[in-house]
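Examination of the molecular architecture
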Amino acid sequence: MLATAFSVFLLQPRPFACYTFPRWQSALVITLIGVLMGLDPGWRAVPPDAPPGMAVPPLWAAVGISMVLIWLGFLVVLGVLRWWLKRGQRWDGQGDLFNLVAASWLVVDVLGTGLVALGVPLLWTLPLWLYSVFVGAKALSAGVPKASVGYSLGGIVSSIIVVIIVSSLVMGFAGFAMAVLSGVPPVAR
C-alpha cells in the first residue's frame, strides 16, 4: 500500500489493479488520520467566549470523536463517489474504490493532520489540503479512464460538501444531546 500511496501522492497514474492490497491496511490509514486529527490542540481548546468553568474535553474524547468523524466522512465520500462515478456509465463498479480513496489520502492527509497535531496553524496547511483534493482527482481519473480529472474533481468537491453538511448535523445533534443530558440549557446565538 505504501508504494502505491507514494506514487499517487506524486501524481503518477495507477490503474485499479494497483489497489488490491488488504482492506485492513486502508482501515488502518483512516484510523491513523482520525487519531492525528484528534491530537490537534484546537480540538481541546476552550473558546475565548466560553462560560467560566467550561471543562476541557479529555484527550481520549477528542481522539474518539475525531475518529468517528473521519470514518463518517470517509464513508460518505465513498458513497458520493460511487454514485458520481457510475453516472453516465463512466465506471462499471469493478475495482476497489475503498482502497483507492484510502491510498490517495494516506500521504497527504497524514502529513496535513500530523502537522496540525504538532501545532502548525490550519491555514498554513491549506495548500496541502488543496493538493489532497487534486491527488484524489488524479487517482480517480487514472483508475476510471472514462472519468476526466475535472469530472473526478467535481465528485470530490461534491462529496466534501456532503461531508460538511453531515458532520455539522452530527456535531450539532451531539452538542444538543450533551447539553440536554448535562442539564445545561443550550445557548442561543
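Our structure's up above, just so we're on the same page.
The following refers to the structure shown.

About the thresholds
- Note that residues are indexed from 1 along each chain, following the sequence as it is written.
- Restriction of local features to residues with pLDDT of at least 70 applies here, the model being predicted, together with a cutoff of 80 or more for giving and counting side-chain atom pairs; totals for whole chains, interfaces and linings are based on all residues.
- Each side-chain value is worked out from all heavy atoms of the structure, with water and hydrogens disregarded.
- Strands are runs of DSSP state E lasting at least 2 residues, helices are runs of H or I lasting at least 4, and numbering of each runs from the N terminus.
- For every residue, the accessible area obtained with a 1.4 Å probe (protein chains only) is divided by the maximum for its type, and the residue is called buried under 20%, exposed over 50%, and partly exposed between those limits.
- Contacts are residue-level and defined by heavy atoms, with any inter-residue pair within 4.5 Å sufficient.
- Any carboxyl oxygen of Asp or Glu within 4 Å of a side-chain nitrogen of Lys or Arg constitutes a salt bridge here.
- With a 1 Å grid spanning the protein atoms alone, the term cavity applies to any set of points in which a 1.4 Å probe fits but cannot get out, the term pocket to an open set with protein on both sides within 12 Å along at least five of seven lines, and the term lining residue to any residue with an atom within 4 Å of a point.
- Grid points are joined across faces, edges and corners, and a volume is the space filled by probe spheres set on the points.
- The definition of a polar contact used here is a pair of N or O atoms within 3.5 Å, where within protein one atom must be able to donate a hydrogen and the other to accept one, and adjacent residues in sequence count solely through side-chain atom pairs.
- Multiply 1.5 Å by the residue count of a helix minus one, and that product is the helix's expected span.
- Interaxial angles span 0 to 180 degrees and are taken between N-to-C directions of axes, which are lines fitted to C-alpha atoms, for helices over the stretch in contact.
- Reported orientations rely on four angle classes, namely roughly parallel under 35 degrees, roughly antiparallel over 145, roughly perpendicular from 65 to 115, and oblique for the rest.
- The hand of a helix crossing depends on one turn: near helix anticlockwise from the far one by less than a right angle means left-handed, and clockwise means right-handed.
- Under the convention adopted here, Pro, Cys and the residues Ala, Val, Leu, Ile, Met, Phe, Trp and Tyr are nonpolar, Asp, Glu, Lys and Arg are charged, and Gly plus all remaining residues are polar.

Some words on the overall build of the protein chain
When helices and strands are counted, the protein chain shows six helices and zero strands. Taken across its 189 residues, the protein chain has 40% of its residues classed as buried. Across the protein chain, the fraction of contacts at a sequence separation of at least 24, relative to all contacts at a separation of at least 6, is 69%.

So, the environment of L100
Inspection of the secondary structure puts L100 in helix α4 (residues 97-117). When its relative accessible area of 1% is taken as the criterion, L100 is described as buried. The spacing of L100 and R14 is 86 residues in sequence and 9.5 Å in space, taken between C-alpha atoms. Those residues in contact with L100, other than ones at most four positions away along the chain, are F16, Y19, A139, L140 and G143.

Details of the pattern of salt bridges
For the structure on display, the rule yields one salt bridge. One salt bridge connects R23 with D96, and the closest N-O pair in it is separated by 2.9 Å. In this pair, R23 is assigned in helix α2 (residues 23-38) and D96 in the loop between α3 (59-86) and α4, connecting sequence segments 73 residues apart. For R23, a relative accessible area of 45% puts it in the partly exposed group.

Things to note about empty space enclosed by the protein
All told, the structure shown has one cavity of 30 Å³ or more when counted by the stated rule. Lining the largest cavity, in full, are V8, L11, Q12, P13, R14, Y19, V135, K138, A139 and A142. Ranked by residues supplied to the lining of the largest cavity, first place goes to helix α5 (residues 126-143) with four residues.

Here's the deal with the side chain of T113
Locating T113 in the fold gives a position in helix α4. Classification of T113 by relative accessible area gives buried; the value is 7%. In terms of polar contacts, T113 uses its side chain to reach the backbone carbonyl oxygen of V110, at 3.4 Å. Setting aside residues no more than four positions away along its own chain, T113 makes contact with I33, L36, M37 and W129.

Points about unusual backbone geometry
Although it is not a glycine, L11 adopts a positive phi angle of roughly 65 degrees. When you line up the elements, L11 lands in the loop between α1 (2-9) and α2. Residue Q89 is not a glycine yet carries a positive backbone phi of 60 degrees. Here Q89 falls in the exposed class, since its relative accessible area comes to 65%.

Considering α3
Here α3 contains 28 residues, and its C-alpha end-to-end distance of 40 Å stays within 8% of the 40 Å for a straight helix at 1.5 Å per residue. G88 lies just past α3 and shows a positive phi near 65 degrees.

Let's talk about the packing of α4 against α5
Following both chains from N to C, one finds α4 and α5 inclined at 165 degrees, their axes separated by 10 Å at the closest point. The pairing of α4 with α5 is recorded here as roughly antiparallel in orientation. Read as a crossing pair, α4 and α5 show a hand that is right-handed. When α4 is examined against α5, the residues L97, L100, S104, V108, D109, L111, G112, T113 and L115 are found in contact with a partner set consisting of L128, W129, Y131, S132, V135, G136, A139, L140 and G143. Counted by class, the contact of α4 with α5 contains 11 nonpolar, six polar and one charged residues.

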